[in-house]
Amino acid sequence: SEIMTSEVMTADVEMSVVEAVNLMLRMGIGSLPVMAGSRLKGIVTKDDLLTVFVEMLRVIQSSSTIDVELVDEIEDVAAVFSVLRKHKVSVISYSASPKRNNSHQVCHFRLKLCPVNPIVRDLKKKKVRVLDAYGDD
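Since the structure is predicted, the reported quantities are computational estimates derived from the model, not experimental observations.

Enquirer: I would appreciate a short explanation of the pairing of strand β4 (residues 63–70) in the present structure.
Expert: Side chains on a regular strand alternate between the two faces of the sheet. Within β4, eight of the eight residues are buried, which leaves the element mostly enclosed by the surrounding structure. Of the two faces of β4, the one lined by Ser63, Thr65, Asp67 and Glu69 and the one lined by Ser64, Ile66, Val68 and Leu70 are each fully buried. In this structure, β4 lies alongside strand β6 (residues 105–112), joined through eight bridges in antiparallel fashion. From the neighbouring strand, Ser64 faces β6, where its bridge partner is Leu111. Relative to strand β7 (residues 129–134), β4 is paired through five bridges, and the arrangement is antiparallel.

Enquirer: I'm lost on the sheet that holds strand β3 (residues 39–45) in this one. Help?
Expert: Either a parallel or an antiparallel arrangement is found when strands of a sheet pair, and the pairing is made through backbone hydrogen bonds. Read across the open sheet, the three strands follow the order β1-β2-β3; overall the sheet is mixed. Each having just a single partner strand, β1 (11–12) and β3 make up the two edges of the open sheet. Inspection of the sheet shows β1 paired to strand β2 (residues 31–36) by two bridges, in the parallel sense. Paired with Asp12 across the two strands is Met35, which belongs to β2.

Enquirer: Looking at this structure, I do not really get a nonpolar patch on the surface. What am I missing?
Expert: Residues Leu50, Phe53, Val54 and Leu57 make up a contiguous nonpolar surface patch of about 350 Å² in total accessible area. Of note, Leu57 is situated in helix α2 (residues 46–61).

Enquirer: What should I look at first to understand the packing of helix α3 (residues 73–86) against helix α4 (residues 117–125) in this one?
Expert: Between two packed helices, what matters for the description is the angle formed by their axes and the separation of those axes. At a minimum axis distance of 10 Å, the contact between α3 and α4 shows a crossing angle of 140 degrees. Accordingly, the angle class assigned to the pair α3 and α4 is oblique. The hand of the α3/α4 crossing is right-handed. Of α4, the residues touching α3 (which contributes Ala79, Val80, Val83, Leu84 and Lys86) are Ile119, Asp122 and Leu123. Among the residues forming the contact of α3 with α4, the class breakdown is six nonpolar, no polar and two charged.

Cut-offs applied
- Residues numbered from 1 in each chain as written.
- Predicted model: local features only at pLDDT ≥ 70, side-chain atom pairs only at ≥ 80, totals over all residues.
- Heavy atoms only, no water.
- Buried < 20%, exposed > 50% of the residue type's maximum accessible area, 1.4 Å probe, protein only.
- Helix = DSSP H or I, 4+ residues; strand = E, 2+ residues; numbered from the N terminus.
- Pairing = 2+ DSSP bridges.
- Patch = residues over 30% accessible without salt bridge, like charges linked within 9 Å, V, L, I, M, F, W, Y side chains within 5 Å.
- Areas by Shrake-Rupley, 256 points an atom, 1.4 Å probe, with all protein chains shown as cover.
- Salt bridge = Lys/Arg side-chain N within 4 Å of Asp/Glu carboxyl O.
- Axes fitted to C-alpha atoms, helices over the stretch in contact; angles between N-to-C directions.
- Parallel < 35°, antiparallel > 145°, perpendicular 65-115°, else oblique.
- Left-handed = near helix turned anticlockwise from the far one by under 90°.
- Contact = heavy atoms within 4.5 Å.
- Nonpolar A, V, L, I, M, F, W, Y, C, P; charged D, E, K, R; others polar.

Structure, rendered in C-alpha cells:
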C-alpha cells in the first residue's frame, strides 16, 4: 500500500485501441486494466501495444489502404468494389468500424500494394467520401 497507485485508470471493453493508447500516453502509465462493468476482463500493456504497432507496420509496408465513409452503405460499398474491379486491384481484407453517435460507418480496405491516387479520384467521381489512402504512389 505504500508504493501502489490508489487512483487506477481503467479502460472499458468498448474503448478503441486509439483511445486506450491516448489515455496511457496522457496519464503516463504503462498498463491499463480493461473492465466490463465492475469485472476485470484483462490488462493492456505498452508491450501489447508495441506488438500491435509492429504488426501494423509489416502490413502497411506490404499493402495499400483506403478508408471510406459509408453514407449510403450498400451504394457506397458497391461503388468501391466497382472501382477496385476497374483498377484490377486485389483486396486483401476489408472491415467496417461500428457506428458511433449517429455517425456514418467507416470501411477500411486493405489492398495488394498498388497506386491509390487513381482509385481515390474514381471513388470521388462516384461521390464516395475517402477519409484516408496509402499506397505505392
